[in-house]
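Structural characterization, general
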Amino acid sequence: MKIKTKKLAFSEVLKITPPKHKKPQKPWWILGALIRIISLPDLWSAKFKFTSSRMDKAGKGPYFILMNHSSFIDLQIIYKIFFPKPFNIIATSDSFVGKSFLMRKLGCIPTNKFVTDVTLISDILHTVRKNKCSVVMYPEASYSFDGCATPLPQKLGVLIKKLGIPVVTVMTDGAFLRDPLYNGLQKRKVKVKAEVNCLFTKEEIAEKSAEELTKALENCFTFDNFARQYETKTPVTEDFRADGLERILYRCANCGCEEKMVGKGTKLQCGNCGKTYEMDIYGRLNAAEGETEFPHIPDWYKWERECVKKEIADGSYLLDTEVTIGLLADYKAIYMVGDGRLIHTTNGFTLTGCDGNLNYQQSASASYGLYADYYWYEIGDVICIGDRNRLYYCFPKHKTNVAKARLAAEEIYNLIKNKSLPAKEAE
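Since we're looking at a predicted model, the values are computed, not measured.

1. Re the sheet that holds strand 11 (residues 276–279)
Strands sit in the order 9-10-11-12 across an open sheet of four strands; the sheet is antiparallel. Every other strand in the sheet has two partners, leaving strand 9 (261–264) and strand 12 (285–287) as the edge strands with one partner each. Each strand axis lies, on average, 25° off the axis of its neighbour in the sheet, ignoring direction. Pairing analysis gives three bridges linking strand 10 (residues 267–270) to strand 11, with the strands arranged antiparallel. Paired with Gln 269 across the two strands is Thr 276, which belongs to strand 11.

2. A closer look at unusual backbone geometry
A cis amide bond links Gly 61 with the next residue in sequence, Pro 62, at an omega value of 5°. Mapped onto the secondary structure, Pro 62 falls in the loop between strand 2 (49–53) and strand 3 (64–67). Residue Pro 84 is reached from Phe 83 by a cis peptide bond, and omega for that bond is 15°. The topology assignment puts Pro 84 in the loop between helix 3 (73–82) and strand 4 (87–92). Non-glycine residue Glu 259 carries a positive phi angle of around 65°. Tracing the sequence through the fold places Glu 259 in the loop between helix 10 (225–232) and strand 9. Here the phi dihedral of Tyr 375 falls at roughly 50°; this positive angle occurs in a residue that is not glycine. With respect to the secondary-structure elements, Tyr 375 resides in strand 17 (residues 371–376).

3. Things to note about the confidence of the model for the protein
In the predicted model, the protein carries a mean pLDDT of 92, and the fraction of residues at 70 or more is 98%. When mean pLDDT is compared element by element in the protein, strand 11 scores highest at 98, while strand 17 scores lowest at 91.

About the cut-offs
Residues numbered from 1 in each chain as written. Predicted model: local features only at pLDDT ≥ 70, side-chain atom pairs only at ≥ 80, totals over all residues. Heavy atoms only, no water. Pairing = 2+ DSSP bridges. Helix = DSSP H or I, 4+ residues; strand = E, 2+ residues; numbered from the N terminus. Axes fitted to C-alpha atoms, helices over the stretch in contact; angles between N-to-C directions. pLDDT = per-residue confidence, 0-100.

Set out below in structure tokens:
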């Protein structure tokens, strides 16, 4: 899938008036039916099935539907399970580019990832109370990199209490293995299924505190797709299964060198020390020679997180890279405004460029997460920062692992939250 882009001077983009806020619309039934039909080949090839539990306690709706986020098939699954019941989907703002009218008629509600959006709550309330529609949210906001759960918004329990409607979860199995983000949009032959569950009824929500609701959700959104693959012996036999694996495993577990790992075919190799690993059909890594430090991929990723935490603690963490800059100012296009430099430290992000006209700073305490993605709309790996008026999409010109930036942003925020690191403005 691609996105409309347009080259425009930064000074001209600044003149663009941000889109006027619009209340969510009831979805057009015909568009939902069309998506349901278009989705049939993908769902059929994935042999998709789902089971339900406690849905008799949920009533007729509307519901607050929360789903884990693995790949594009998630959207098709939602329509398979819930259509023709009306629902609105909370979607990232960039998905509206070039198709704003269509997205609104589908009932989508735009929001910026990892950016405080005070209007989103009122939009959700309008959807439930005025439109009498369910709301679909992917609370993790971004696709999982390593097949494990990503942090959830801490105030989700407060929102659930405010809505006071049944909470329904949709947890998929196989969606990540079929199309993991690191693998460059190459689909594998893996069966996909989902479990639909009424997690909280109206009465249960009334009885529980916001903190208890949030904790229960965190327990629900605890999963490990690679562990599940190994336990169930689900084979991925495609000979490209390790393509792009260096996007997750960017640091060599043997020599510690970064940005020299290459995943190709069924192998992962370090260009510095030469150590090679084979990825078997059950998602496990095996060293060609010597010790296999981390057979389980998420364990390797956790080790990289610990390495990032050490860099933050000793003051050596730094991301400093040249980037091509795209800017979201309205829903007509992503405006490519020129080149710049992105710096990330424990103080936050600083983005400069566009012949000296751009100088944007974002505090490390601004968000608990980071919008980072691989091969974003077929343009390239991206780090996105910004506020509710403008988003800056930074495409590194040189080899830069955006997963490390995400890990660092999460850990710096946690340290600030726990008062282990002072909150400062970006420098």
